[in-house]
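Coordinates in review
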Amino acid sequence: MDALNYRHGELFVEDVALARIAEAVGTPCYVYAKNQLSAAYRAFATALGGHGLVCYAVKANSNLAILATFAALGAGFDIVSAGELERVIAAGGDPRRVVFSGVGKTAAEIERALACDIKCFNVESPAELERLEAIAGRAGKSAPVSLRVNPDVDAGTHPYIATGLKENKFGIPLNEAAALYGDAARYPHLRFVGVDCHIGSQLTDLRPFADALDRVLPLVRQLRAQGLPVEHVDVGGGLGIRYRDERPPGVAAYVGQMRERLVAHGLADLSLLLEPGRALVAAAGTLLARVEYLKSTDTRHFAIIDAGMNDLIRPALYGAFQAIQAVRDPGDAPTLDYDVVGPVCESADVFGRGRRLHLAPGDLLVVRDAGAYGFAMSSQYNSRPRAAEVLVDGARFRVVRTRETLADLWRGESVSGAETG
Ligand code: LLP
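Residues numbered from 1 in each chain as written. Predicted model: local features only at pLDDT ≥ 70, side-chain atom pairs only at ≥ 80, totals over all residues. Heavy atoms only, no water.

**What to know about helix 1 (residues 18-25)**
Every buried residue of helix 1 is listed here: Leu 18, Ile 21, Ala 22 and Val 25. For helix 1, the angular spread of buried residues about the axis comes to 100 degrees, placing them on one side. Exposed residues lying more than 90 degrees from the buried face of helix 1 are Glu 23 and Ala 24. Following helix 1 by one or two positions, Gly 26 adopts a phi angle in the positive range, close to 85 degrees. (Buried < 20%, exposed > 50% of the residue type's maximum accessible area, 1.4 Å probe, protein only. Helix = DSSP H or I, 4+ residues; strand = E, 2+ residues; numbered from the N terminus. Arc of directions from axis to C-beta.)

**Re helix 7 (residues 174-182)**
Every buried residue of helix 7 is listed here: Ala 177, Ala 178, Leu 180 and Tyr 181. Buried residues of helix 7, viewed axially, fall in a sector of 165 degrees; they line one side. Looking at the packing, one finds that the buried side of helix 7 touches helix 6 (126-139), strand 9 (143-150), strand 10 (172-173), strand 11 (190-196) and helix 8 (207-225). (Contact = heavy atoms within 4.5 Å.)

**What about the domain arrangement of the chain?**
It is common to give the size of an interface as the accessible area lost on bringing the parts into contact. Along its sequence, the chain is carved into domain 1 (4-32 + 282-410) and domain 2 (62-276). Look at where the C-alpha atoms of domain 1 and domain 2 centre, and you get two points 34 Å apart. Contacts between the two partners involve 13 residues from domain 1, matched on the other side by 11 residues from domain 2. When the buried area of domain 1 at its contact with domain 2 is split by residue, Tyr 318, Phe 321 and Asp 369 rank highest and sum to 43% of it. Linking domain 1 with domain 2 are 0 salt bridges. Applying the counting rule to domain 1 against domain 2 returns 2 residue pairs in polar contact (both at pLDDT 80 or more). For the side of domain 1 that touches domain 2, the secondary-structure elements that each account for two or more residues are helix 11 (314-318), strand 20 (388-393) and strand 21 (396-401). The class makeup of the residues in the side of domain 1 that touches domain 2 is 8 nonpolar, 1 polar and 4 charged. (Domains from an automatic or database assignment. Buried area = accessible area lost by both parts, 1.4 Å probe. Salt bridge = Lys/Arg side-chain N within 4 Å of Asp/Glu carboxyl O. Polar contact = N/O pair within 3.5 Å; in protein donor to acceptor, adjacent residues only side chain to side chain. Nonpolar A, V, L, I, M, F, W, Y, C, P; charged D, E, K, R; others polar.)

**Side note on the environment of Ala 60**
Structurally, Ala 60 can be placed in the loop between strand 5 (52-57) and helix 3 (64-72). Taking C-alpha positions, Ala 60 is 5.3 Å from Gly 277, a pair spaced 217 residues apart along the chain. Once residues lying within four places of it in the same chain are set aside, the contact partners of Ala 60 are Gly 277, Arg 278, Val 281, Gly 371, Ala 372, Tyr 373, Gly 374 and Ala 376.

**Considering the side chain of Ser 378**
The residue Ser 378 is located in the loop between strand 19 (364-367) and strand 20 in this model. Ser 378 has contacts with Asn 310, Asp 311 and Arg 386, leaving out every residue within four places of it along the chain.

**Examining the nonpolar core**
By size, the foremost hydrophobic cluster in this structure holds 104 residues, and its most contacted members are Tyr 56, Phe 70, Phe 77, Phe 121 and Tyr 254. Looking at which element gives the most residues to this core, the answer is helix 8, with 8 residues. Of the domains in this structure, domain 1 (4-32 + 282-410) and domain 2 (62-276) are the two that each give at least three residues to this core. Contact partners of Tyr 56, with chain neighbours within four places excluded, come to Asn 61, Ile 66, Leu 67, Phe 70, Gly 76, Phe 77, Asp 78, Pro 276, Gly 277, Leu 280 and Val 281. (Core = buried A, V, L, I, M, F, W, Y, C linked by side-chain atoms within 4.5 Å.)

**Topic: the environment of Gly 238**
Along the chain, Gly 238 turns up in the loop between strand 12 (232-234) and helix 9 (251-264). Assessed through its relative accessible area of 9%, Gly 238 is described here as buried. Spatially, the C-alpha atom of Gly 238 lies 19 Å from that of Ile 66, the residues being 172 residues apart in sequence. If we skip the residues at most four places from it in the chain, Gly 238 touches His 198, Gly 200, Ser 201, Gln 202, Leu 203 and Phe 209.

Dropping the structure here:
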């Protein structure tokens, strides 16, 4: 399902012309397709059947309207901060369906998550386990725990987003995790209900997922044999999407393989937790921008647009490819190879090089597949207010985050500073 399509010579998201949104809301602006988000979620939920829970990775896109869309469909959530937890609650999500990942949980974050009775803490170090035990003890509670194990598999993805290798900061080596679980009696306020792993993001091959499970599931069997009540395995997120010519497996094949590994290891009853981020939201989001200037030098044509790397940093940070398309259907009009760039004072502020486009100053264009790690990673660099966000639902659209104002840029600042004593 593709919510972006040309009709009457211009680009629509679902049944709304992007030009209408630009006129009403201005640019740059993120546009999300609600029905595509729902369809993406349903594909995971259907493939999983009753065998587990889809915990949307909030970091990919934490807009309240997106979280509410998934919450209404019964989703769980994977969070990495107290901020994400409060967003889930504000959006009407159920904290009892929340798993809490991340290597640096503060005491205050753990206290709050414990008070909300979240589903599971994905613990990443022995020191975090000690901290959780102490806090749960003081609160008179029993905290549900998975250890995040590091299966040491090569996810074959960009080094910045590979997380399952020995040299990464994430997780606990398998043998060390086994020893910690073996010491469960030392942690009277913890319940060891699961085992967790996450090996990286934008994986386009099923093999590393299977390799990871084949390393993790023998541990689950061993723990059960020791009498630990392991109910679930959390395989993290990481399923890739097609940005250009990648051929990622479909959701059904991905989930099917996970289930198949469980059965092969004699663990058919084990509940499967998934933490997809990108695969749920990337393709449903578009960054809509306007061409400010066209400029040609001896060697290049530049299209300078009103969105910058502060709005969408993936191309600059990872050299990521995202397709760029004019809102006006080019038809057979002559094209030029443009470097599509932003206004930020950095040479890395490039959305794409040598893109074949038909453009005039003032035209609208979109950077596609921007729903994941787009707005969520945006900043105010160069004192640029963050963009508006719009949710399209069929023929209607709503602003789900207003554009920041110039005064928002210095909120909390003052010329003289506040008294600190
Ligand atoms: N679970 C954990 C523990 C994670 O660390 C992540 C992503 C996910 C789930 C979701 O992974 P996904 O399904 O989205 O691949 N900013 C980068 C991606 C960073 C991913 C970080 N962790 C990008 O724009 O490509």
